[in-house]
Structure formats: C-alpha cells, structure tokens
Amino acid sequence: MAKTSVKTLTRPVESRFGRWLEVSLRFARERSLGAAGAIIILLMIFAALGADLIAPYDPLQTDYAAMLQGPSSSHWFGTDSFGRDVLSRLVYGSRTALWVGFSSSFLGATLGAVIGVMSAYFGGKIDLIVQRFMDMLLSFPLIVLALVVVAVLGIGTTNVILAITIPMIPRCALVVRSSALALREMPFVEAARALGFGPVRIIIRHMLPNVTAPYLIMLTAFLGQAILLEASLSFLGLGVAEPQAACADRRGACRRDRA
C-alpha cells in the first residue's frame, strides 16, 4: 500500500513537470528571441542573488596599487580609479538595480491601480479632482519629476525608490481608470450595491481583481523604465550614494572580503 501511494503521489508531479518542460521547449523553438531574452534575464537575476558566491572581490575594497587597470586574469573587467574590481561592483550593483526596479515599479503600479479604480468608482467631483492632479504630474517628464523628489528628500536608496514611484503612479492610474469605468456599470457591481456592500468592499473584492490585466502590463512596462531612471539618477550623483554597491548587510558593509 505504501508503494502504491508513493507512486500515485509522484505521478502527478512528474506529469506536471513533463508538461511544463514540453511547453518550455515549444516556446523556445517557436519564440527563439523571447527564450534567449528570458534566459539572459534569469541569469542576471541569479547573478544578483548569488553575488556573494560569484563576485571575486569585495566591491568596496580599494587597492591604490591597482588603479585603472585593464582587463586581466585577476580583474576580468579591470579596476576603477580607486582600484576596486569592476566585475565585483557590477555583480553587487545589480542587486540595487533589481531592488529599486522591482520595488518602485510595484509601488507605482499598485498605487496607480488603486487610485484609478477609486477615481472611476466614485466619479463626479472626486474623479475630476484626481484626474486633474494626475494630469499635473504627467506634465513633468519622468527624469525631471524624479530629480525634484530626490532634491527634496535627499540621496539614498529609499528616496530613489520614492522618486521613481511617484512619476509612475499617474501613468498606471489613467490606464486602470479606463478599464474601471467600464467595470463600474457591469451587472455584478450593480448587484453588489443592491446587496448593500460598501464602496471599500466593492473596490477591493469586485473591481480591483478585474483590472489585473492592465495592472500587470503596466507593472512589467515600468520595470525597465525604473532601472534606467535609477541608473540616470546615479549617473547624475543623485542615486545610490557612493561607494555603495548594494552590499549584503543593512549597514552597507559587505559580509566578507575575498580578495
């Protein structure tokens, strides 16, 4: 009985894995460029998560005897003006890029979706005031609005995330609002009102789950923009404070020195 039960438990797992593998191989054959892009993205994510194992040196370690060296067997990507290993800083720095990108795009898309649904549901003067405020934010380019927020809040990873999140909110709010306007007149929303449900429950339980498609599209579209915007702010000296390269612990100091 034990053997038969184990077999019955493992067969569904094996069948699911086989179907997943078959779908992945079919996608790789039919969409070779998309598969190649997915592999590159996964490799970058794994490199960022495993920076402690991949990076050959401490990204903060300075070596003034090895300043501005070219690529070599000891430093594959060379060294910077302080003698720090460029490859190690690149691997550790990818953590900051991914953290800022995922955090800001998630916050911006989520807050924008909530504001868009609420604006569409209540309508009237509330919708008018909210949309005019969103239009005011949209009148500023992304980089300009992010520069203003960073100038007010100061330099730092948390402030950079907030600076990138704010310009993302109105873009997602407008897209989600257009879908929520149609949902507001749907029969299931009218039935929820007739049953005496409040606006909060209708928005959370009935409207937000039905705007998942535009929300996910905006979320993925924001990710690349957020990473590029973070890189632009860092280039201007308003991003992650030098010499941080996204080290492991909270104080900004790396866990170990492997030089």
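Definitions and limits used
Residues numbered from 1 in each chain as written. Predicted model: local features only at pLDDT ≥ 70, side-chain atom pairs only at ≥ 80, totals over all residues. Heavy atoms only, no water. Helix = DSSP H or I, 4+ residues; strand = E, 2+ residues; numbered from the N terminus. Buried < 20%, exposed > 50% of the residue type's maximum accessible area, 1.4 Å probe, protein only. Contact = heavy atoms within 4.5 Å. Areas by Shrake-Rupley, 256 points an atom, 1.4 Å probe, with all protein chains shown as cover. pLDDT = per-residue confidence, 0-100. Axes fitted to C-alpha atoms, helices over the stretch in contact; angles between N-to-C directions. Parallel < 35°, antiparallel > 145°, perpendicular 65-115°, else oblique. Left-handed = near helix turned anticlockwise from the far one by under 90°. Nonpolar A, V, L, I, M, F, W, Y, C, P; charged D, E, K, R; others polar. Core = buried A, V, L, I, M, F, W, Y, C linked by side-chain atoms within 4.5 Å. Arc of directions from axis to C-beta. Polar contact = N/O pair within 3.5 Å; in protein donor to acceptor, adjacent residues only side chain to side chain. Patch = residues over 30% accessible without salt bridge, like charges linked within 9 Å, V, L, I, M, F, W, Y side chains within 5 Å. Salt bridge = Lys/Arg side-chain N within 4 Å of Asp/Glu carboxyl O. Phe/Tyr/Trp six-rings, centres within 6.5 Å; stacked < 30°, edge-to-face > 60°. Lys NZ or Arg CZ within 6 Å of the ring centre and 35° of its normal.

(A) Just the overall build of the chain, in detail. The helix and strand inventory of the chain stands at 10 helices and 0 strands. Written out in order from the N terminus, the α and β elements of the chain read α-α-α-α-α-α-α-α-α-α. When the 259 residues of the chain are sorted by exposure, 34% land in the buried category. Sequence separation of 24 or more characterises 72% of the internal contacts of the chain that already satisfy a separation of 6 or more. Roughly 15500 Å² of accessible area belongs to the chain as shown, and the carbon and sulfur atoms make up 70% of that amount.

(B) Region of interest: the confidence of the model for the chain. Summing up the model confidence of the chain, the mean pLDDT is 81 and the portion of residues at 70 or higher is 87%. The low-confidence segment residues 1–10, where pLDDT is below 50, has 0 contacts with residues more than four positions distant or belonging to other chains. Counting interchain partners and residues more than four positions distant, the pLDDT-below-50 stretch residues 246–259 has 37 contacts.

(C) How the structure looks around the packing of helix H6 (residues 142–153) against helix H7 (residues 157–184). Put simply, H6 and H7 touch, their axes get as near as 8 Å, and they point 140° apart. Here H7 runs oblique to H6, going by the angle between their axes. The way H6 lies across H7 gives a crossing that is right-handed. Contacts between H6 and H7 involve Leu 142, Leu 145, Ala 146, Val 149, Val 150 and Leu 153 on the former and, on the latter, Asn 159, Leu 162, Ala 163, Ile 166, Pro 167 and Arg 171. Residues of the contact of H6 with H7, tallied by class, amount to 10 nonpolar, 1 polar and 1 charged.

(D) Molecular detail of the nonpolar core. Among the nonpolar cores identified, the biggest contains 31 residues, and Val 117, Ile 164, Cys 172 and Met 207 are the most heavily contacted of them. Broken down by secondary-structure element, the contributors of at least two residues to this core are helix H4 (86–122), H6, H7, helix H8 (187–194), helix H9 (199–207) and helix H10 (212–235). Among the elements that make up this core, the one with the highest residue count is H7 (9 residues). Non-local contacts of Ile 164, meaning those with residues more than four positions away in its chain, are made with Val 100, Ser 104, Ala 226, Leu 229, Glu 230 and Leu 233.

(E) Main features of H9. Taken together, the buried positions of H9 are Ile 202, Ile 203 and Met 207. Seen from one end, H9 has its buried residues packed into an arc of 95°, which puts them on one side. In H9, the exposed positions angled more than 90 degrees off the buried face are occupied by Val 200 and Arg 205. Close packing links the buried residues of H9 with H4, H7 and H8.

(F) Structural detail: unusual backbone geometry. Its identity is not glycine, yet Leu 68 carries a phi of approximately 55°, on the positive side. Positionally, Leu 68 belongs in the loop between helix H3 (51–54) and H4.

(G) Structural detail: the environment of Leu 228. Inspection of the secondary structure assignment puts Leu 228 in helix H10. For the pair Leu 228 and Ile 143, spaced 85 residues apart in sequence, the C-alpha separation works out to 10.0 Å.

(H) How the structure looks around the side chain of Ser 104. Residue position: Ser 104 is located in helix H4. The class for Ser 104 is buried, based on a relative accessible area of 0%. At 3.4 Å, the side chain of Ser 104 forms a polar contact with the backbone oxygen of Gly 101. Filtering out sequence-adjacent residues up to four positions away, Ser 104 remains in contact with Ile 161, Ile 164, Thr 165 and Ala 226.

(I) Examining a nonpolar patch on the surface more closely. Together, Phe 133, Met 136, Phe 140, Val 144, Val 148, Val 152, Leu 153 and Leu 162 line one region of the surface with nonpolar side chains, adding up to about 700 Å² of accessible area. For the nonpolar patch, the secondary structure elements donating two or more residues are helix H5 (124–138) and H6. The leading source of residues in the nonpolar patch is H6, at 4 residues.

(J) Representation of the packing of aromatic side chains. One pass over the full model with this rule turns up 1 aromatic pair. Where Tyr 121 meets Phe 122, the ring centres are 5.3 Å apart and the plane angle is 85°; that geometry is what we call edge-to-face. The positively charged end of Arg 201 is found above the aromatic ring belonging to Phe 197, 4.1 Å away from the centroid.

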